[in-house]
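Analysis of the macromolecular model
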2 protein chains.
Amino acid sequence: MIRAVLLLSGGLDSYTAGAIAKAGGYELYALTVRYGQVHAREIEAARDVATALGAVRHLELDVPLSKIGGSALVGDGVIPKDRPLDTADIPSTYVPARNTVFLSLALGWAEVVKAEAIVIGVNALDYSGYPDCRPEYLRAFERLASLATKAGIEGRPLRILSPLIELSKAEIIRRGLALGVDYALTHSCYDPAPDATPCGRCDSCVLRARGFREAGVADPALVRQRQ
Amino acid sequence: MIRAVLLLSGGLDSYTAGAIAKAGGYELYALTVRYGQVHAREIEAARDVATALGAVRHLELDVPLSKIGGSALVGDGVIPKDRPLDTADIPSTYVPARNTVFLSLALGWAEVVKAEAIVIGVNALDYSGYPDCRPEYLRAFERLASLATKAGIEGRPLRILSPLIELSKAEIIRRGLALGVDYALTHSCYDPAPDATPCGRCDSCVLRARGFREAGVADPALVRQRQ
């Protein structure tokens, strides 16, 4: 089987991206990075999702981006709530170079396990405007990867697969449900309560709620929580 | 002053690259990554070098590339000794995606401290043939950086400075000595004895010895050690 390293956060997008890659015949090596995010609940979700996806391995790496700082997601500043999402502003939840760090780690592991692709669940429609979620960024990383590794210069370049890049959140959810994804396992909130209840007002909660609403289905994570 | 993030290993090259950048007017933010290397002696050397360079800050980050594996430098396999250096083979000391991970972390920190450059001490002449030490690789990372960050899309792109890229080891040493670099502080060996004595036979020791010989000076680290 063809192998792929899946960047797995425990959220809705990376689960769906993994399910699409699996349906496409890839054997999944799931990689989750604990980077000092304040919403560590998503690490537990990532474990459940890795199991649900039948990942061959699930590697968790501690990379303390919190020591670099510069983001509300690692404790520098306050998570914005009820923020308008139709602006071009990059919010304080942006983590400097996060996807570049994640893709670099995935690149190293991909070379070791002889994977032919990295799967990443970024999307450029319903997102917070982060620069490292755009197609031109991903193409530049793919070009870099072909030059960076022993595998690349030996003629085994790596592909960066971003199957959600042009989908809306509602389309992502519909695609996932058709593939049997169990969204009750996922966690999206940037600022959950101590009991892991989503705040409902951060960008991630708002985008998720809008996605389920537009997809015409209830969010199973919220249904489960109310029970 | 203009700021630069310096990737600092504790070896000869990164110290010299830092000294050149400092002479060029950069204020240095030194970044050292503990990635699980078996020769952890170089971390202590990095601290001494950061002080000698007058770095404004010295950030040490733990990033366990040893969990990814795939290299003799992180404990997978044996460090090769007395290896011919005129082959095109990539040796077992190659660490998958190491420079990409290091540059990514530097990219994040550069954005946070508003640095305009990253300084990296790679050189493409007297080196072990690692793919991520070549000029075309560094250009691809610079291109990636311009797309990856908020700073990049706001018109403050980052430069990747590799002042040693076309120098031989002897030329690096001569340049460093002219700038007052104290090579007694540095550590290069991949496989030191428990008391930190260099093995003298790994690629790094062999390249270093050849460099000092061709530069016509004694290696002050070895002189100090013999005393």
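Keep in mind the model is a prediction, meaning the values are calculated, not measured.

What counts and how
- Per-chain numbering applies: the sequence of each chain, read as written, is numbered from 1 onward.
- By the order in which they are written, chains take letters starting at A while ligands take numbers starting at 1.
- Residue-level local features of this predicted model are given only where pLDDT is at least 70; pairs of side-chain atoms are given and counted only at 80 or more, and the full residue set underlies all totals for whole chains, interfaces and linings.
- Strands are treated as partners if at least two bridges between them are detected by DSSP.
- Secondary structure elements follow DSSP: runs of H or I of four or more residues count as helices, runs of E of two or more count as strands, with numbering from the N terminus.
- Every axis in this analysis is a line fitted to C-alpha atoms, fitted for helices over the stretch in contact. Angles between the N-to-C directions lie between 0 and 180 degrees.
- The contact criterion used is a C-beta to C-beta distance within 7 Å, with each C-beta placed from the backbone.
- Residue polarity follows a fixed list, in which Ala, Val, Leu, Ile, Met, Phe, Trp, Tyr, Cys and Pro are nonpolar, Asp, Glu, Lys and Arg are charged, and the others, Gly among them, are polar.
- Each residue is classified by how many other C-beta atoms fall within 10 Å of its C-beta atom, where C-beta atoms are placed from the backbone; a count of 20 or more means buried, 12 or fewer means exposed, and values in between mean partly exposed.
- Expected span, for any helix, means 1.5 Å times one less than how many residues it has.
- Least squares is used to superpose the copies, and the fit set is the C-alpha atoms of residues whose pLDDT is at least 70 in both copies.
- By definition, a nonpolar core groups buried Ala, Val, Leu, Ile, Met, Phe, Trp, Tyr and Cys residues that connect through C-beta atoms lying within 7 Å of each other.

**Thoughts on the sheet that holds strand S1 (residues 2–7) of chain A**
Residue and element names in this part refer to chain A. Spatial strand order, S3-S2-S1-S4-S5: 5 strands in an open sheet with parallel pairing. A strand with exactly one partner marks an edge of an open sheet, and here the two such strands are strand S3 (57–62) and strand S5 (159–161). The average undirected angle you get between the axes of adjacent strands in this sheet is 25°. Direction of pairing for S1 relative to strand S4 (residues 117–119): parallel, over a ladder of 3 bridges. The residue bridging Val 5 from the neighbouring strand is Ile 118, located in S4. Of the strands in this sheet, strand S2 (26–34) and S3 touch helix H2 (residues 41–52), which is tilted by about 170° from S2. Sitting on the sheet, helix H3 (residues 98–113) is in contact with S1, S2, S3 and S4, with an inclination near 140° to S2.

**Some details on the interface of chain A and chain B**
If you look at the interface, chain A gives 37 residues, while chain B gives 37 residues. Broken down by secondary-structure element, the contributors of at least two residues to the side of chain A that touches chain B are S3, H3, helix H4 (135–148) and helix H5 (150–153) of chain A. Considering every element that reaches the side of chain A that touches chain B, the biggest residue donor is H3(A), with 9 residues. When the residues that make up the side of chain A that touches chain B are grouped by side-chain class, the tally is 23 nonpolar, 7 polar and 7 charged.

**Concerning the environment of Ala178(B)**
Residues and elements named next belong to chain B. Mapped onto the elements, Ala 178 comes out in helix H6 (residues 169–178). Overall, the presence of 10 C-beta atoms within 10 Å leaves Ala 178 in the exposed class. Here the alpha-carbon distance between Ala 178 and Leu 105, two residues 73 residues apart in the chain, equals 31 Å.

**Notes on helix H1 (residues 12–23) of chain B**
All names here are of chain B. Between its first and last C-alpha atoms H1 spans 17 Å; for 12 residues at 1.5 Å apiece the expected length is 16 Å, and the two agree. With 10 of 12 residues buried, H1 lies mostly within the body of the structure. For H1, every residue scored as buried is listed here: Leu 12, Asp 13, Ser 14, Tyr 15, Thr 16, Ala 17, Gly 18, Ala 19, Ile 20 and Ala 21. Note on H1: the residue one or two positions beyond its end, Gly 25, has a positive phi of about 100°.

**Description of unusual backbone geometry**
Residue and element names in this part refer to chain B. The backbone of Ala 97 sits at a positive phi, close to 65°, despite the residue not being glycine. Assignment of secondary structure puts Ala 97 in the loop between strand S3 (57–62) and helix H3 (98–113). Of note, the phi angle at Ala 196 is positive, near 80°, even though the residue is not glycine. By the secondary structure assignment, Ala 196 is in the loop between H6 and helix H7 (203–215).

**Some remarks on the relation of the copies chain A and chain B**
Once chain A has been moved 0.0 Å along the axis and rotated by 180°, it coincides with chain B to within an RMSD of 0.0 Å. Expressed as an axis order, the relation between the two copies is that of a two-fold axis. Judged by C-alpha distance, Val63(A) is the residue of chain A that lies nearest the rotation axis, at 2.6 Å. Comparing interface residues between copies, 100% of those in chain A also lie at the interface in chain B; the contact surface is shared.

**Some thoughts on the nonpolar core**
With 148 residues, the main nonpolar core has Ala4(A), Ile118(A) and Ile118(B) as its most contacted residues. Setting aside residues up to four positions removed in sequence, Ile118(A) forms contacts with Ala4(A), Val5(A), Leu7(A), Leu103(A), Ala106(A), Leu107(A), Ala110(A), Leu158(A), Ile160(A) and Leu161(A).

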